[in-house]
Amino acid sequence: MVEKYIKRHSFLARFTHGTAAICCILLIFSGIFVFVPAANAWAGPEFTIAMRWLHRLAAIPFILVPLYAFFFSLKGAKHLFCQNIFGKWDEDDYIFAKKFLPYLFAPGKVRMPPQREVKSMQRVADGTLLFAGIFAAISGMIMWLNTGLLPGGEWAIHFSQTTLFVAKTVHIVAFLVFIVFGLGHVYLGGGIFQPYRGTARLMFGDGKVSEADAAYHWGYWANVKIATGEGVSEEQKNDPDPVLIKEAQAGVKKAR
């Protein structure tokens, strides 16, 4: 069976997302031993020092790769902020937000309205993670600079105790936000339950989504792409999901 696929994410977007995901895992793991007294007391000073430098080293690509993507593709960055994260919500966006929790735990029983390129609650989650990352990066750099960029304390910029206290507080709050929203992001993006099964391909594969999945999740966006043919290709699919395709077709009809 030949099925249409739509390109959803570029290589740069997938590379940036993959780098951030790996760095987040390392930063959360190492951060536990750096910022939780009970953990670093249990692990001992040598292991804690190693985790502190792992935390700092993982922060480098976590900061630099998104910055590179931002300046390399200013048009994409503008689209991300203006159209996706801060895009104006319509009636379907609000309906989706109201039904999101029931849909999250019982997707087969909740009928959702068609969505545009990014779902309303995905915009909230993406925006929260993005700004948490920015605040974590800024506050972390303040604390790092205060002790010196190099292991011997060289290249230090000393800040006031008030600044350090605010930076540490912001860093811990951002850390907690990453854990809460990150788990939800992994749960959905990893395709753990049926409506999102297979969507890991979007960021950890070739960035393509099938016409059926696109219509089911982002009906308005899928209609535009299929009508214009932008980023649309055909592939052989041997194991179609008739239930998902039926639901997708219903979503396309409603979106029209």
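Scroll up a little and you will see the structure.
So, here is what we can say about the structure in this document. This is a predicted model, so every value here is computed, not measured.

## Section: the packing of aromatic side chains
- Summed over the entire model, instances satisfying the criterion amount to 13 aromatic pairs.
- Seen from their ring centres, Phe 70 and Phe 71 are 5.1 Å apart, and the 85 degrees between their planes marks the pair as edge-to-face.
- Phe 71 gets classed as exposed once you look at its relative accessible area, which sits at 57%.
- Centroid distance Phe 96 to Phe 100: 6.0 Å. Interplanar angle 40 degrees. Geometry classified as tilted.

## A short note on unusual backbone geometry
- With a phi angle near 55 degrees, Trp 155 is a residue other than glycine that sits in the positive phi range.
- Position of Trp 155 among the secondary structure elements: in the loop between α6 (120-147) and α7 (161-189).
- For Trp 155, a relative accessible area of 62% translates into the label exposed.

## Topic: the nonpolar core
- Grouped together as the largest cluster of nonpolar side chains are 11 residues: Cys 23, Cys 24, Leu 27, Ala 58, Ala 59, Phe 62, Leu 129, Ala 132, Ala 136, Ala 174 and Phe 178.
- Elements with a contribution of two residues or more to this core: α1 (11-35), α3 (45-72), α6 and α7.
- Within the second largest apolar cluster, 9 residues are counted, among which are Tyr 103, Leu 188, Tyr 196 and Tyr 216.

## Quick notes on the sheet that holds strand β2 (residues 208-210)
- Across the sheet, 3 strands lie side by side as β2-β1-β3; this open sheet has antiparallel pairing. The strands lining the two open edges of the sheet, one partner per strand, are β2 and β3 (232-236). If you compare each strand with its neighbour and ignore which way they point, the axes differ by 40 degrees on average.
- Sheet topology note: the strand β1 (residues 2-7)/β3 ladder contains 5 bridges and is antiparallel. The residue of β3 that forms the bridge with Lys 4 is Glu 234.
- Lying on the sheet, helix α10 (residues 219-228) is in contact with β1, β2 and β3; it crosses β1 at an angle near 105 degrees.

## Structural notes on α3
- Spanning 28 residues, α3 covers 41 Å between terminal C-alpha atoms, matching the ideal 40 Å at 1.5 Å per step.
- Among the residues of α3, Thr 48, Met 51, His 55, Arg 56, Ala 58, Ala 59, Phe 62, Val 65 and Ala 69 are the ones counted as buried.
- Residues of α3 that are buried sit in contact with α1, α2 (37-43), α6 and α7.

## Here we look at the layout of surface pockets
- Reported here for the second largest pocket is a volume of approximately 610 Å³.
- Along the wall of the second largest pocket there are 28 residues; nearest its centre are Phe 35, His 55, Gly 140, Met 143 and His 171.
- No other element matches α6, which puts 8 residues into the lining of the second largest pocket.
- Taken together, the residues of the lining of the second largest pocket sort by class into 19 nonpolar, 6 polar and 3 charged.

## Notes on the side chain of Lys 119
- Relative to the elements of secondary structure, Lys 119 occurs in the loop between α5 (91-105) and α6.
- Lacking a salt bridge, the buried Lys 119 has Asp 213 as its closest oppositely charged neighbour, with an N-O distance of 9.9 Å.
- Discounting residues that sit within four places of it in the chain, Lys 119 has contacts with Phe 96, Tyr 103, Tyr 196, His 217 and Trp 218.

## Regarding the pattern of salt bridges
- By the definition in use, this model includes 6 salt bridges.
- When the shortest N-O distance is used, the salt bridge between Asp 90 and Arg 116 registers 2.7 Å. Note that Asp 90 is positioned in the loop between α4 (74-85) and α5 and Arg 116 in the loop between α5 and α6, a separation of 26 residues in sequence.
- With its nearest N and O atoms 3.2 Å apart, the salt bridge here joins Glu 235 to Arg 201. Placement of the pair is Glu 235 in strand β3 and Arg 201 in helix α8 (residues 201-204), with a sequence separation of 34 residues.
- Residue Glu 235 is classed as partly exposed on the basis of its relative accessible area of 21%.
- Salt bridges sharing partners connect three or more residues here, namely Arg 201, Asp 206, Lys 208 and Glu 235.

Rules of the game
Residues numbered from 1 in each chain as written. Predicted model: local features only at pLDDT ≥ 70, side-chain atom pairs only at ≥ 80, totals over all residues. Heavy atoms only, no water. Phe/Tyr/Trp six-rings, centres within 6.5 Å; stacked < 30°, edge-to-face > 60°. Buried < 20%, exposed > 50% of the residue type's maximum accessible area, 1.4 Å probe, protein only. Helix = DSSP H or I, 4+ residues; strand = E, 2+ residues; numbered from the N terminus. Core = buried A, V, L, I, M, F, W, Y, C linked by side-chain atoms within 4.5 Å. Pairing = 2+ DSSP bridges. Axes fitted to C-alpha atoms, helices over the stretch in contact; angles between N-to-C directions. Contact = heavy atoms within 4.5 Å. Expected span 1.5 Å × (residues − 1). 1 Å grid on protein atoms, 1.4 Å probe; cavity = no way out; pocket = protein on both sides within 12 Å on 5 of 7 lines; lining within 4 Å. Points joined across faces, edges and corners; volume = space filled by probe spheres on them. Nonpolar A, V, L, I, M, F, W, Y, C, P; charged D, E, K, R; others polar. Lys, Arg positive; Asp, Glu negative; His and termini not counted. Salt bridge = Lys/Arg side-chain N within 4 Å of Asp/Glu carboxyl O.

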